[in-house]
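For reference, the chains in residue letters:
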Amino acid sequence: MTVLINGKLISQQVVDKTAEEVVTFVERFGIAPGLAVVLVGEDPASQVYVRNKVKRAEEVGIRSLEYKLPADSSQETLNDLIQTLNADPSVHGILVQLPLPKHLNEEEVLLAIDPAKDVDGFHPLNVGALACGEASLVPCTPMGCMIMLEHVHPDLSGKQAVVIGRSNIVGKPMAALLLQANCTVTIVHSRTKDIESICSQADIVVAAIGRPEMVKASWIKPGATVIDVGINAIERDGKRKLVGDVDFADVEPVASAITPVPGGVGPMTIACLMKNTVQAALNQELKR
Ligand code: GUN
């Protein structure tokens, strides 16, 4: 029987624990952890993500502040907002929703965020810390994937892991976390030759490519664990549908454990953002 790794359930456990930590935090410091979420433009998917982040924050008792800037905002406007949030002691976490409109320099924006408030873990300082195995603020989606993996593999040591995709948001930090958990890690990407044969040797496959249903049963070693990070909107039989990067119907009978889409990695990302916000708040308040 294939285990369906239930992201809704596991994320609720993370959220419940975080909510308890928020209560303790408020008792101790007399304020709630504060999270600023910045959205530039009107990308529909980003609007949904931001709305869900703010809603979840309120549920766990985190004070959320939403900043919506017009799509044609200048780099200076965005930088100024980040500097204001950096200087505000009631803001413990800053998240700038990506992707940004094309005219804005993403690197410059991420670099402007105070690393102590970087709840996405995207600042080069936090990226470097993760690479050195000394991370405190780890990117939310890979952290969510690790929590799900640890549910089915309490000890990941010695496992062959293949990460499909090399993005800064998922692929690279995912590989770093798997390495830290003593996996043997391979990253494959669009220029890799014979992805299928490399994947089919893996005990663990993490798919983060952004291509609907690309991973087929023939890519998966029987009994492997499959984590599907993809969320792709497609049309099938005249209906709009969300599918992952894994062809679920094809792969599910071959895998020993697999995450569904939706209800897999998605809710874990938001839960880990809450966890990071409380972590960042605690780090900052303990230093005051
Ligand atoms: N866009 C897609 N995923 C993410 C994420 O995890 N954080 C931010 N800030 N933007 C994203």
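Let me sum up the structure you'll find in this document. Quick caveat, the model's predicted, so the values are computed rather than measured.

Calculation notes
- Residues numbered from 1 in each chain as written.
- Predicted model: local features only at pLDDT ≥ 70, side-chain atom pairs only at ≥ 80, totals over all residues.
- Heavy atoms only, no water.
- Helix = DSSP H or I, 4+ residues; strand = E, 2+ residues; numbered from the N terminus.
- Rg over C-alpha atoms; globule rule 2.2 N^0.38 Å.
- Buried < 20%, exposed > 50% of the residue type's maximum accessible area, 1.4 Å probe, protein only.
- Contact = heavy atoms within 4.5 Å.
- Areas by Shrake-Rupley, 256 points an atom, 1.4 Å probe, with all protein chains shown as cover.
- Lys, Arg positive; Asp, Glu negative; His and termini not counted.
- Charge placed at Lys NZ, Arg CZ, Asp CG, Glu CD.
- Axes fitted to C-alpha atoms, helices over the stretch in contact; angles between N-to-C directions.
- Parallel < 35°, antiparallel > 145°, perpendicular 65-115°, else oblique.
- Nonpolar A, V, L, I, M, F, W, Y, C, P; charged D, E, K, R; others polar.
- Pairing = 2+ DSSP bridges.
- Salt bridge = Lys/Arg side-chain N within 4 Å of Asp/Glu carboxyl O.
- Disulfide = S-S within 2.5 Å.

### Quick word on the overall build of the protein chain
Piece 1. Along its length, the protein chain carries 10 helices and 11 strands.
Piece 2. Over its C-alpha trace the protein chain gives a radius of gyration of 19 Å, about what one expects of a compact globule, namely 19 Å for 288 residues.
Piece 3. Based on the C-alpha atoms only, the size of the protein chain along its principal axes is roughly 50 × 40 × 35 Å.
Piece 4. Of all 288 residues assigned to the protein chain, the portion counted as buried reaches 50%.
Piece 5. Put simply, 70% of the contacts in the protein chain that link residues at least 6 apart link residues at least 24 apart.
Piece 6. Split by element, the accessible area of the protein chain, about 13,700 Å² in all, is 53% carbon and sulfur.
Piece 7. Of the charged side chains in the protein chain, 26 are positive and 34 negative; the average position of the first set lies 2 Å away from that of the second.

### A short note on the packing of helix α1 (residues 7-29) against helix α6 (residues 140-152)
Piece 1. α6 packs onto α1 with a crossing angle of 110° between their chain directions and a minimal axis gap of 11 Å. With respect to α6, the element α1 is oriented roughly perpendicular. Contact residues: α1 offers Gly7, Ile10, Gln13 and Val14, while α6 offers Ile147, Met148 and His151.
Piece 2. For the contact of α1 with α6, the residue count by class is 4 nonpolar, 3 polar and no charged.

### What to know about the sheet that holds strand β8 (residues 225-228)
Piece 1. Ordered in space as β1-β11-β8-β7-β5-β6, the 6 strands form an open sheet in which the pairing is parallel. Across the chains shown, the open sheet's two edge strands, defined by having one partner strand only, are β1 (3-4) and β6 (184-188).
Piece 2. Two strands pair when backbone bridges link them, and strand β7 (residues 204-207) and β8 are joined in this way by 4 bridges, in the parallel orientation. Each residue of the ladder has a partner; that of isoleucine 204, found in β8, is threonine 225.
Piece 3. Seen against the sheet, α6 touches β1, β7, β8 and β11 (257-258) and runs at an angle of roughly 155° to β8.

### Brief notes about the pattern of salt bridges
Piece 1. This structure, assessed with the given rule, holds 7 salt bridges.
Piece 2. Lysine 68 serves as the salt-bridge partner of glutamate 66, at 3.6 Å between the closest nitrogen and oxygen.
Piece 3. What makes lysine 68 exposed here is its relative accessible area of 58%.
Piece 4. A salt bridge links arginine 236 to glutamate 213; the nearest nitrogen and oxygen atoms lie 2.6 Å apart. Of this pair, arginine 236 sits in strand β9 (residues 232-236) while glutamate 213 sits in the loop between β7 and β8, and the two are 23 residues apart along the sequence.
Piece 5. Here glutamate 213 falls in the buried class, since its relative accessible area comes to 16%.

### A look at the state of the cysteines
Piece 1. For the structure shown, the criterion picks out 0 disulfides.
Piece 2. Cysteine cysteine 132 remains unbridged, with the sulfur of cysteine 183 as its closest cysteine sulfur at 19 Å.
Piece 3. Summary of cysteine pairing: cysteine 145 is not part of a disulfide, and the nearest cysteine sulfur, belonging to cysteine 272, is at 8.7 Å.

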